[in-house]
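# Structural description and commentary
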Amino acid sequence: MCVTCGCSDDAETKITNPETGEVVAINSNLHHHTHTHTLADGTAITHSHSHASSHSHSHEHHSDRATEVAQIHAKMHGNTVTLEENILAKNDLIAAQNRGWFKGRNILALNLVSSPGSGKTTLLTRTINDLKEKFPIYVIEGDQETSNDAKKIQETGCKVVQINTGTGCHLEAAMVERGLQQLNPPLNSIVMIENVGNLVCPALFDLGEKAKVAILSVTEGEDKPIKYPHMFRASEVMIITKIDLLPYVQFDVNLAIEYAKQVNPKMQIFQVSATTGVGLESWYEWIAVNLPSLAVQI
C-alpha cells in the first residue's frame, strides 16, 4: 500500500521474464497473520495484519463503532507507530539489503524516475545500445500493466524482467529484490531500474540504488523541479531529454536548471537527445566514474 495515495491495497504484482515467458505473482507483504479480539460486550472482531507493507482489517461485522474498535485495537497492541513509518521502515530495511547485495558484487544500480512520457525508455535503450559492448547492463522495468517496455529493452539484447504493479504507482524494495532473483546480474555490471512513471511516490521508496536519476523532458514544464521538489531533492542526477525538440516547444532550459539547483544545489545535470546523441557522452562519463570497479573507459 502506498501511504501517499492509498494505491495497491488489492494489487496483484507480478514479474514477467520476457526471455522465458515465465510470470510469477509476488506479494511484498512478507508477514501475515489473522487473529480475533473479543470486546467487553462479546463482539468478536477478526482481522489480518500485514506488517511489511500494510495493516489491513477485515471485520466480521459492520457498525458505527469502527472508531471505538480501532482505539481498543491500538491499546491492545500498544502500537503508536504511524502506518507510514511502519511501511517505510520495512521498505528501507529491504533496500539496505539490496544495497549490500549490489556492493558485494560491484554493481552500479540506478533508479530512473520521471513523469510518464518523458523518454525514459528511449534514453535507456540508447544507453544500452551505446554501452553494451563495454559492460553488461541488466534492467528491471516497472509499469502498472503490459510488458511493452521490457520487449523494447529485450530487443537490445539486454536481459530484462518486467514488474507490473497493478494499481501500484511505484516500485518497492521487495519487488526489486524479487526482480534481482530473476535477473541474477553478474559482478561488475550495471542494473538500471526504470520506475513507474510518477514524480511523487517513488521519491519516498528507497530501492537500494546508488542514485536516483530524474528525467525531465523539454515537452514538460520547466517548473517541474519546484512543483515536485521532493523527487528532485532525492535525485543525484537530472537529465533533460529531447533537447532536439527545443526549437519547437516553449521550454526555458536555463530556468529549469535554476529551479533544480534551488531544490538540490548538488544535483548533476545533463542535457541530452537520445535521438541525435547530443550530450550523451557526458551522461556516459558519469556512469563510468560511478562504476564500483572503475574499470571502464568511455
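Residues numbered from 1 in each chain as written. Predicted model: local features only at pLDDT ≥ 70, side-chain atom pairs only at ≥ 80, totals over all residues. Heavy atoms only, no water.

An unreviewed UniProt entry annotates the protein chain as Hydrogenase accessory protein HypB originating from Microseira wollei NIES-4236.

## Digging into the overall build of the protein chain
A count of helical and extended segments in the protein chain gives nine helices and eleven strands. Looking at the 298 residues of the protein chain, the share that counts as buried comes to 49%. Once local pairs closer than 6 in sequence are excluded, the contacts in the protein chain between residues at least 24 apart make up 68%. Accessible surface, the protein chain: about 14,000 Å² in total, of which carbon and sulfur atoms supply 48%. (Helix = DSSP H or I, 4+ residues; strand = E, 2+ residues; numbered from the N terminus. Buried < 20%, exposed > 50% of the residue type's maximum accessible area, 1.4 Å probe, protein only. Contact = heavy atoms within 4.5 Å. Areas by Shrake-Rupley, 256 points an atom, 1.4 Å probe, with all protein chains shown as cover.)

## Thoughts on the packing of aromatic side chains
Under the defined criterion, the tally for this structure stands at three aromatic pairs. Taking the centre distance of 5.9 Å and the plane angle of 80° together, the rings of Trp-101 and Phe-102 count as edge-to-face. In this structure an aromatic cluster arises from ring pairing among Phe-270, Trp-283 and Trp-286. (Phe/Tyr/Trp six-rings, centres within 6.5 Å; stacked < 30°, edge-to-face > 60°.)

## Considering the nonpolar core
Ranked by internal contacts, the top residues of the largest apolar core, which has 30 residues, are Ile-137, Val-139, Met-192, Ile-239, Trp-283 and Ile-287. Contributions of two or more residues to this core are made by strand 5 (108-114), helix 3 (120-131), strand 6 (137-143), helix 4 (148-154), strand 8 (190-194), strand 9 (211-217), strand 10 (237-241) and helix 9 (280-290). Setting aside its immediate chain neighbours within four residues, Ile-239 contacts Leu-123, Val-213, Ala-214, Ile-215, Leu-216, Phe-270, Val-272 and Trp-283. (Core = buried A, V, L, I, M, F, W, Y, C linked by side-chain atoms within 4.5 Å.)

## Re the sheet that holds strand 2 (residues 22-26)
Strand pairing in a sheet takes place through backbone hydrogen bonds and is either antiparallel or parallel in direction. Spatially, the nine strands line up as an open sheet ordered 2-1-7-6-8-5-9-10-11, and their pairing is mixed. Only two strands of the sheet have a single neighbouring strand rather than two, namely strand 2 and strand 11 (268-271). Neighbouring strand axes in the sheet, compared pairwise and without regard to direction, differ in orientation by 20° on average. Each of strand 1 (13-17), strand 2, strand 6, strand 7 (159-164) and strand 8 touches helix 5 (residues 173-183); the most contacted strand, strand 7, lies at about 150° to it. (Pairing = 2+ DSSP bridges. Axes fitted to C-alpha atoms, helices over the stretch in contact; angles between N-to-C directions.)

## Overview of the packing of helix 3 against helix 9
As a packed pair, helix 3 and helix 9 sit with axes 12 Å apart at the nearest point and diverge in direction by 70°. One finds that helix 3 runs roughly perpendicular with respect to helix 9. From helix 3, Leu-123, Arg-126, Thr-127, Asp-130 and Leu-131 reach across to helix 9, where they touch Leu-280, Trp-283, Tyr-284 and Ile-287. Looking at the contact of helix 3 with helix 9 residue by residue, the classes come out as six nonpolar, one polar and two charged. (Parallel < 35°, antiparallel > 145°, perpendicular 65-115°, else oblique. Nonpolar A, V, L, I, M, F, W, Y, C, P; charged D, E, K, R; others polar.)

## Focus on the environment of Asp-244
On the secondary structure map, Asp-244 appears in the loop between strand 10 and helix 8 (253-263). Between the C-alpha atom of Asp-244 and that of Thr-276, which follows or precedes it by 32 residues, the distance is 7.3 Å. Asp-244 has contacts with Ser-273, Thr-275 and Thr-276, leaving out every residue within four places of it along the chain. Within the structure, Asp-244 has its side chain in polar contact with the side chain of Ser-273 (distance 2.8 Å). (Polar contact = N/O pair within 3.5 Å; in protein donor to acceptor, adjacent residues only side chain to side chain.)

## Here's the deal with helix 5
Inspection of helix 5 places Ala-173, Ala-174, Met-175, Val-176, Gly-179, Leu-180 and Leu-183 among the buried residues, and these make up the whole buried set. Asn-184 sits one or two positions beyond helix 5 and adopts a positive phi of about 50°.

## So, unusual backbone geometry
Positive phi outside glycine occurs at Asn-184, with the angle close to 50°. Here Asn-184 is to be found in the loop between helix 5 and strand 8. If you check the backbone angles, Lys-242 has positive phi at about 65° while not being a glycine. With respect to the helices and strands, Lys-242 occurs in the loop between strand 10 and helix 8.

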